[in-house]
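Spelled out, the chains give:
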Amino acid sequence: MTFIVNIIQSNEMKTANLPDRPRLGANISLPCEPVIDKIPGTRYLDNMRESARFINIGNRGAAAYARENTAASIEKAIACHADMVEIDIRKTADGALVLFHDRTIRTEWGRRPVSRLTFEELIAAGQNLGFTIPTFEEIIRKFGSRIPINIEIKARNFEIDV
């Protein structure tokens, strides 16, 4: 399994539209060499050194084709030949790690921070909006051995939990 963890977004990321690949949302790409240097011995990325200058990263999966940060979006990114996917992690009030980009979610009581909702409350809010919010563990179990994952931690103080 290959994971890259981002605690704070980097200003060093570059964007590129790769003409031979479908657009996967924001289509964030970064130079391959620095990634390889930080993950020594990863056969997957070492093989890319010869063939590609950029890594095509599906932002939140393939957010242009399926609901962002969901299993369906990651499946679509794999089907579109993404080299890696980026996911966003937040922690609920009761300690569950979930895939969710925004700081808040619309609930029946108005917009609420994800960090102040229990896992059950967050799942109910997602269902009321018509989507399922996956846990970090579910996604890692399902996709961790299939595609490298760039994990963006969207808030501080739970890095050790990831």
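In this text, all values refer to a predicted model and were calculated from it rather than measured experimentally.

Caption draft 1: Expanded view of the pattern of salt bridges. Across all of its chains, the model carries five salt bridges by this definition. With its nearest N and O atoms 3.0 Å apart, the salt bridge here joins Arg 146 to Glu 75. With Arg 146 in the loop between α5 (136–143) and β9 (149–153) and Glu 75 in helix α3 (residues 71–79), this residue pair connects regions lying 71 residues apart in the sequence. Note on Glu 75: relative accessible area 29%, which makes it partly exposed. What emerges from the salt-bridge pattern is a single network uniting Arg 60, Glu 68 and Asp 88.

Caption draft 2: Geometry of the side chain of Asp 88. You can see Asp 88 is positioned in strand β5 (residues 84–91). There is a polar contact of 3.3 Å between the side chain of Asp 88 and the side chain of Arg 60. Other than its neighbours up to four places away in sequence, Asp 88 contacts Arg 60, Asn 69, Val 98, Leu 99, Phe 100, His 101, Glu 152 and Lys 154.

Caption draft 3: Structural context of helix α4 (residues 119–128). Every buried residue of α4 is listed here: Leu 122, Ile 123, Ala 125 and Gly 126. Down the axis of α4, the sector holding all buried residues measures 160 degrees, keeping them to one side. Exposed positions of α4 whose direction lies more than 90 degrees from the buried face are Glu 120, Gln 127 and Asn 128. On the buried face of α4, the contacting elements are β6 (97–99) and β7 (104–107). Directly after α4, the chain includes Gly 130, whose backbone phi takes a positive value near 95 degrees.

Caption draft 4: Geometry of the packing of aromatic side chains. If you walk through the whole model with that rule in mind, you get zero aromatic pairs. Directly above the aromatic system of Phe 131 lies the positively charged group of Arg 67, at a separation of 3.7 Å from the ring centroid. The side chain of Lys 76 reaches across the aromatic face of Tyr 65, ending 5.3 Å from its centre.

Caption draft 5: Structural view of the pairing of β9. β9 sits mainly inside the fold: five of its five residues count as buried. Alternating residues of β9 divide into Ile 149, Ile 151 and Ile 153 and Asn 150 and Glu 152, and every residue in both groups is buried. Note that β5 and β9 share five bridges and pair parallel. Residue pairing for β9: Glu 86 is matched across the bridge by Asn 150.

Caption draft 6: Region of interest: the environment of Ile 57. Topologically, Ile 57 is positioned in strand β4 (residues 54–59). For Ile 57, a relative accessible area of 1% corresponds to the buried category.

Caption draft 7: Representation of the environment of Asn 150 within the structure. With respect to the helices, strands and loops of the structure, Asn 150 is situated in strand β9. Since its relative accessible area comes to 4%, Asn 150 is described here as buried. In this structure, the C-alpha to C-alpha distance between Asn 150 and Asp 88, residues 62 residues apart in sequence, is 8.7 Å.

Caption draft 8: Geometry of the nonpolar core. Ranked by internal contacts, the top residues of the largest apolar core, which has 18 residues, are Ile 87, Ile 89, Phe 136, Ile 149 and Ile 151. Only α3, β5, β6, α5 and β9 provide two or more residues apiece to this core. Top contributing element to this core by residue count: α5, with four residues. The next biggest cluster of nonpolar side chains, apart from the first, holds eleven residues, and it includes Val 114, Leu 117, Phe 131 and Ile 133.

Parameters at a glance
Residues numbered from 1 in each chain as written. Predicted model: local features only at pLDDT ≥ 70, side-chain atom pairs only at ≥ 80, totals over all residues. Heavy atoms only, no water. Salt bridge = Lys/Arg side-chain N within 4 Å of Asp/Glu carboxyl O. Helix = DSSP H or I, 4+ residues; strand = E, 2+ residues; numbered from the N terminus. Buried < 20%, exposed > 50% of the residue type's maximum accessible area, 1.4 Å probe, protein only. Polar contact = N/O pair within 3.5 Å; in protein donor to acceptor, adjacent residues only side chain to side chain. Contact = heavy atoms within 4.5 Å. Arc of directions from axis to C-beta. Phe/Tyr/Trp six-rings, centres within 6.5 Å; stacked < 30°, edge-to-face > 60°. Lys NZ or Arg CZ within 6 Å of the ring centre and 35° of its normal. Pairing = 2+ DSSP bridges. Core = buried A, V, L, I, M, F, W, Y, C linked by side-chain atoms within 4.5 Å.

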